[in-house]
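Take a look at the letters that make up each chain.
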Amino acid sequence: MMIDRPQFKNILAKASDTMTKEYFKYLDNMEIFDALKDEEKTLLAKALLEKPLTEHEIIFEQGDKGDMFYILVEGTVQVEKDKKKVADLKATSTQPQFFGEKALLNNEPRAATLKVTSKGATALCVDKVSFDMLLGPLDQLQKRGKDGTATVQKVGAGGAAEGRKFGLINRKDLKRLGLLGCGDRKSTRLNSSHQYDL
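Residues numbered from 1 in each chain as written. Predicted model: local features only at pLDDT ≥ 70, side-chain atom pairs only at ≥ 80, totals over all residues. Heavy atoms only, no water.

Engineer: Please explain the pairing of strand E3 (residues 68-81) as it appears in this structure.
Structural biologist: The two faces of the sheet receive side chains in turn, since in a regular strand these alternate between them. Counting buried residues in E3 gives 11 out of 14 residues, a clear majority hidden from the surface. The sheet contact formed by E3 and strand E4 (residues 84-91) spans seven bridges and is antiparallel. Note that in E4 the partner of Gln78 across the bridge is Asp88. Remark: two residues form the turn of the hairpin made by E3 and E4, two consecutive strands paired antiparallel; Asp82 in that turn has positive phi of roughly 50°. As judged from the four bridges shared by E3 and strand E6 (residues 113-116), these two strands associate in the antiparallel manner. Across the sheet, the residue bridging to Glu80 is Thr113, located in E6. (Buried < 20%, exposed > 50% of the residue type's maximum accessible area, 1.4 Å probe, protein only. Helix = DSSP H or I, 4+ residues; strand = E, 2+ residues; numbered from the N terminus. Pairing = 2+ DSSP bridges.)

Structure, rendered in structure tokens:
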């Protein structure tokens, strides 16, 4: 059986919508996001990245810079403070656990070390820069509240100007990663900036 391009795109869109609705439910049950409007939670749900984790993997260590928020949807992680176990977080798709929320508020150093103790685990994550670019700073969203009408200014990355998604990147700052293809007197190259590494 073969499917054509429109059917394939439709299948992908339905799968994406299903995942967005599932991720929205996770966000909707987290007190830290009570101040977000439904459309903001939907945007955040679409921005979450799925991260598979392996047994004994250290997600972050106490004292590390906090720059990522996690929602554990499958597996178990051990929480250690000063090298002593203080808790286990066990997550399922119906009872997710979250950690690293202080990273979204103020980039505080990590208060604990988190290590995967199950055979494998799955987490959804978003970094502070992406969160601030998408919705604006979480502390300002919380001050505004879910029913508030104040506009929260989104924060651009790398000095982005008003209305721009990314900051200015100079060609001299790019590193050539490879050649993607050549055509009629033109070529397409893959470049990376140290500011926005791939």
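Engineer: Just checking my understanding: could you explain unusual backbone geometry for this structure?
Structural biologist: Most peptide bonds take the trans configuration, and most residues that are not glycine carry a negative phi. One non-glycine residue, His56, adopts positive backbone phi at about 75°. Along the chain, His56 turns up in the loop between strand E1 (49-54) and strand E2 (58-60). Look at Lys83: it is not a glycine, yet its phi comes out positive at around 65°. Following the sequence through the fold, Lys83 ends up in the loop between E3 and E4. A relative accessible area of 79% means that Lys83 is categorised as exposed.

Engineer: Got a minute to help me understand helix H2 (residues 38-47) in this structure?
Structural biologist: Given 3.6 residues per helical turn, the α-helix brings residues three or four places apart onto the same face. Those residues of H2 lying buried are Glu40, Lys41, Leu44 and Ala45. Along the axis of H2, the buried positions cluster into a sector of 140°, meaning they face one direction only. Projecting away from the buried face of H2 at angles above 90 degrees are the exposed residues Glu39 and Lys46. (Arc of directions from axis to C-beta.)

Engineer: Please clarify how the environment of Lys128 should be interpreted in this entry.
Structural biologist: Mapped onto the elements, Lys128 comes out in helix H4 (residues 128-134). Assessed through its relative accessible area of 15%, Lys128 is described here as buried. The spatial distance from the C-alpha of Lys128 to the C-alpha of Glu101 is 9.6 Å, given a sequence separation of 27 residues. Setting aside chain neighbours within four positions, we find Lys128 in contact with Asp67, Ala103, Leu104, Leu105 and Asn107. Engagement of the side chain of Lys128 in a polar contact is seen with the backbone oxygen of Leu104, the distance being 3.1 Å. (Contact = heavy atoms within 4.5 Å. Polar contact = N/O pair within 3.5 Å; in protein donor to acceptor, adjacent residues only side chain to side chain.)

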